[in-house]
Every structure is written in structure tokens, then in C-alpha cells.
Amino acid sequence: MRIAQGLGLIWLTIAGAAVAQERGPLSAIDWLSESVTPAPPASPTSTAPVTGGVTPEITVQSLDAPSPDIVGLLPSDVTGLPTSLWSQSPESDALAALRATPAPSLPALQELLVQLMLAEAAPPSGAAATGNLFLARVDKLLEMGALDQAQSLIEASDVARPEVFRRWFDASLLTGTEDFACTKLNEMPAIAPTLSTHVFCLARAGDWPAAALVLNNALSLGAVNADEQALLVHFLDPEMDDGDSILPEPTTLTPLEFRMREAVGEAIPTATLPRAFANADLRSMVAWRSQIEAAERLARGGALSENALVGFYTAHIPAASGGIWDRARAVQDFERALAAGAETALDALPALYDGAKAARVEVPLARFYAEALAQPDFARSGNAAALEMGLLSPDYESVAALQRPANPNSREALLIAVARGQVTEGTPVGGWAGNPFVGPVINGFTLDDTPNAAADLINAGKLGEGLLKAITGAEAALTGDPAALAPALAALRLVGLEDVARRIALQVLLLDRTG
């Protein structure tokens, strides 16, 4: 055994370990690890002990310091959104609206929500100094699985705040950068690791005896509950396993527990876990099939770039057929066909599009191949896959401008009218008989007098709330209330987000996101 001496002491005390006190959840995200705890404040009449002759640095924040809520990655001149995005909303209303907004299934809604979460903006009215809206924005990104964006947003703030660090630490655990996170934790005297984090980081640094000693001390104090005890002991010496698992099934798995279980050979498939955990399957140590499955899942949720998705599809040569392998092969075939010319590429495009539809990654692939799809050879080819993917790309308007539908009452005519911004009450819809979204799409671009809660919020100066309401309404249209689409589109157009409204309409018509 690699740490037999230390573990002998653990086994002497394991039978008498008491169950530690349970603490309540600290976040709306129920799977966050309790990785750190606030360091106890120093008494003004006492002197903190000095170890090794080095006095720890103490960070002091002024009571009138800027609220963390102002932190963002996208300035107003990039988003087109004013810095007053949240300032007219009471903090409680802004928080309630954000927490009630679902993680969208439509790519255009995902992009808008991520943009809202990353936008630089003034704090809401009556905002607490703790930055509650900042934390809620980070949590929404975590819920969507957008860990890179969440980490970048956190790193623009004060990572050394316990509630901020624990989110950053969990993201690091799932993206495979936990060694760096453990190192940073040692450099932050204002926060202290919980037992599990301390043991984990010591072990990751290779100091197994110290990790065993820390755990043994905690056991002797009765500061470890039964489930934590089983996991930590097994993590420190997996050779003690007699062939049967000694770990109970977790009720809510945290990233820290996930990584410890992985280390002892009891990994839980990420497909059964919240979307953020799929990031762990993007690591190079994971099998290619699992990497592609995770990449598709994250791309579906708007949490992975199209460049990364295509990178996983083309990383190796498929050695099998069917399902995911056919999708990877279709992407690779199309890459080769593009190099051979437009005619060859058009022949390969339907297979690519069929695979994209099966995995629901049509928009990421359309974004990746947008330049080719906007070329006249593609846009005017009469190839249905080329037209639809072109209309799902960022260059949808250029693609539409090249179309000359022979039948003004065809299915394509409505799509072209939406893409060109030429929808009227008389726009022909003959090719869309029975589609529940056609009427709401036309109403969203033509009617101004329908009841509109999102527009009411916007007109009251509560732009952030209004946009969240529009996102929620558009998503509700896909889950049983098609009429909710019209006011959502109208509200977006009210604030000049015409491009977003058109992309939402095109995606609603072209993508199957109702199930």
C-alpha cells in the first residue's frame, strides 16, 4: 500500500468517527462542492501565530468598494446593451427573474443569455456588497455548462472570496485544471479549504502521508460524516477495495466527489449528471467517443464553440460505423470535399446536415461552415441542406438575398422573408400548413398591440428583466405555448435586437426543439 503507515492510524479511529454537522446549501446550484470555508476573523486583542517566520498577508476590502455586480467581460460597445441593464430593477426582482429563466434549448436564445451574463453593467437597485447578481450570473453559466465563460468571469472578479472561489474550484475540477486551483488555494489566506478539499489537494500534490494525517485528525475529532469518511479513506488508498464498491450512491454528486470517485475507479457517467459535468469528458485522457458525446451535449446547450466541436469530430479516424461515428465521418468527408470544390462539397453536405440534425448541432456546424454556405455556388445550388444550413448561419441575410424562389407560396418563401426582414401580415404561408409557429412568427414581426410583459418591463427601464422575460417566453413557445413566441420577438425588436429576433424565428421554423 502506498500509504499503509498513515492509513493504519486511520483504521484505528474509523469505527468511532462521529457524523459531522450538515450545512445548508450555499447556492442555487445544488451540486456545488463545499470546497472552502471562510477563515475565522482574527481577534483584535490577539496575535495570529506565525509559522516558519512568515506573516500571512491580509487582504482588506473597503466597505464602499465597488459592487462585484459590475464585473463583466463584454463592454457596452460590444453587446450594444446599456450599462443600465439592471440598475432600474430591485436586486430581489433581478435575482428572481434570472433564477426563473430556464437554460434555453434554442441556440439564438443561448447566445443572448450568455451575452447578458457576461455584459458589463451597473448593479441592480439596492444591491448588496456581496455581489448577489454576480454570483447568480456565474451560477447560470454553470447551469448551462459554460465553464470557460464562468471561469473567465470569475477571474475578472475577486477569486479570493470564498463563495467565488468555490465556483472557480469546481469549474477547475471539471476542466482538469485542479492542480493549478489547489496551488492558488494555498496562496489565499482569506479562505480555508474544507477537509475534503484539503485531503484532495495534498494528494494531488503527492503528499499522501500528510493527507492521511489530516483525515485521521478529523476522524478523531468526529468531524467527518459517514459518507465523506468512506470516500476519503477509499480515495487515499484504493487498494483496500476488496472488489466490491464500499461507496454509497450519492444523492447529489459534487465535482469534488466526482473526481475522487473517478480516481478510485468508481466514475459515474457524465451523461446522467448536470450538463457542466460533460466538460470532464473533454479531457485528453478520456476516450474519443466520450469526448465527442460530451462535445455534442455541450454544443447543444450553447456551452462549446463550433471550433471545438469540429475539432473533436476530426481528431481521429472513425474505426466503426453507426451513430456518432457516422457523424464524425460525415464532418471529415465534408472537410475533404470542400478542398475538392463546391460541387463535391454539395454532394457531401446532406450527410453532414442529417448527422447534425440527429445530434441537434445544426447551428454550431452552420456557424463553422458559414463562409462556404454564403457563397453563390452553395446558396443558389437548389440543395436543400445548403439553403437551410445557410439560413441557420450568421450570414443568413446574405444567403437569403441570393434566393429567387419560383413559387411565392413555397416553404422557402417564408424563410427568405424572415431572413430579409420582410415579413408582413400578407406573407404567404402555404408551405407551412399545420405548423404552430408560423402565426406567432408573423405576429412577432407585424403586431405591436399584443399584451407583452417583456415589453412592459423594457418600457419601465428594466431592460435586463425584460430580456430575461423574452428569453423565457420564447423558450415556453417550444414547450407547449407557441403563442408566447410573438411577444418575445416583439420585445427583442423593441430594443433593436432585430438580428436576434430573426435568428430565433428561423431556428424555431427550421429546428425541432419541441421534444
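## Here we look at the overall build of the protein
A tally of regular secondary structure across the protein gives 27 helices and two strands. Counting all 515 residues of the protein, 50% fall into the buried class. Residue pairs at least 24 apart in sequence account for 68% of intrachain contacts in the protein once pairs closer than 6 positions are excluded. For the protein, the exposed area adds up to about 22800 Å²; of that, 53% sits on carbon and sulfur atoms.

## Let's talk about the packing of helix 4 (residues 107-118) against helix 5 (residues 132-144)
Interhelical geometry of helix 4 versus helix 5 gives an angle of 150° and a closest axis separation of 9 Å. Taken together, the axes of helix 4 and helix 5 are roughly antiparallel relative to one another. Handedness of the crossing formed by helix 4 with helix 5: left-handed. For the pair helix 4 and helix 5, contact is made by Gln110, Leu113, Val114, Leu116, Met117 and Leu118 and by Arg137, Lys140, Leu141 and Met144, respectively. Split into classes, the residues belonging to the contact of helix 4 with helix 5 amount to seven nonpolar, one polar and two charged.

## Describing the pattern of salt bridges
This structure, assessed with the given rule, holds 24 salt bridges. The partner of Glu163 in a salt bridge is Arg167, and the shortest N-O contact between them spans 3.2 Å. Of this pair, Glu163 and Arg167 both sit in helix 7 (residues 162-175), separated by four residues, roughly a single helical turn. Under the relative-accessibility criterion, Arg167 is labelled buried at 3%. The residue Glu293 makes a salt bridge to Arg289 at a minimum N-O spacing of 3.2 Å. With Glu293 and Arg289 both in helix 13 (residues 288-300) and four residues apart, this pair spans about one turn of that helix. Under the relative-accessibility criterion, Glu293 is labelled partly exposed at 36%. Each of Glu178, Asp179, Arg204, Arg259, Glu262 and Arg283 takes part in one network of salt bridges that share partners.

## What to know about the state of the cysteines
Here the structure, examined in full by the defined rule, presents one disulfide. Sulfur-sulfur distance for the disulfide between Cys182 and Cys201 comes to 2.0 Å. Disulfide Cys182-Cys201: the torsion about the S-S bond is -75°, which places it as left-handed. Within this pair, whereas Cys182 is found in helix 8 (residues 178-186), its partner Cys201 is found in helix 9 (residues 195-204), the two being separated by 19 residues in sequence. Residues Cys182 and Cys201 agree in their burial class; the two are buried.

Basis of the calculations
Residues numbered from 1 in each chain as written. Predicted model: local features only at pLDDT ≥ 70, side-chain atom pairs only at ≥ 80, totals over all residues. Heavy atoms only, no water. Helix = DSSP H or I, 4+ residues; strand = E, 2+ residues; numbered from the N terminus. Buried < 20%, exposed > 50% of the residue type's maximum accessible area, 1.4 Å probe, protein only. Contact = heavy atoms within 4.5 Å. Areas by Shrake-Rupley, 256 points an atom, 1.4 Å probe, with all protein chains shown as cover. Axes fitted to C-alpha atoms, helices over the stretch in contact; angles between N-to-C directions. Parallel < 35°, antiparallel > 145°, perpendicular 65-115°, else oblique. Left-handed = near helix turned anticlockwise from the far one by under 90°. Nonpolar A, V, L, I, M, F, W, Y, C, P; charged D, E, K, R; others polar. Salt bridge = Lys/Arg side-chain N within 4 Å of Asp/Glu carboxyl O. Disulfide = S-S within 2.5 Å.

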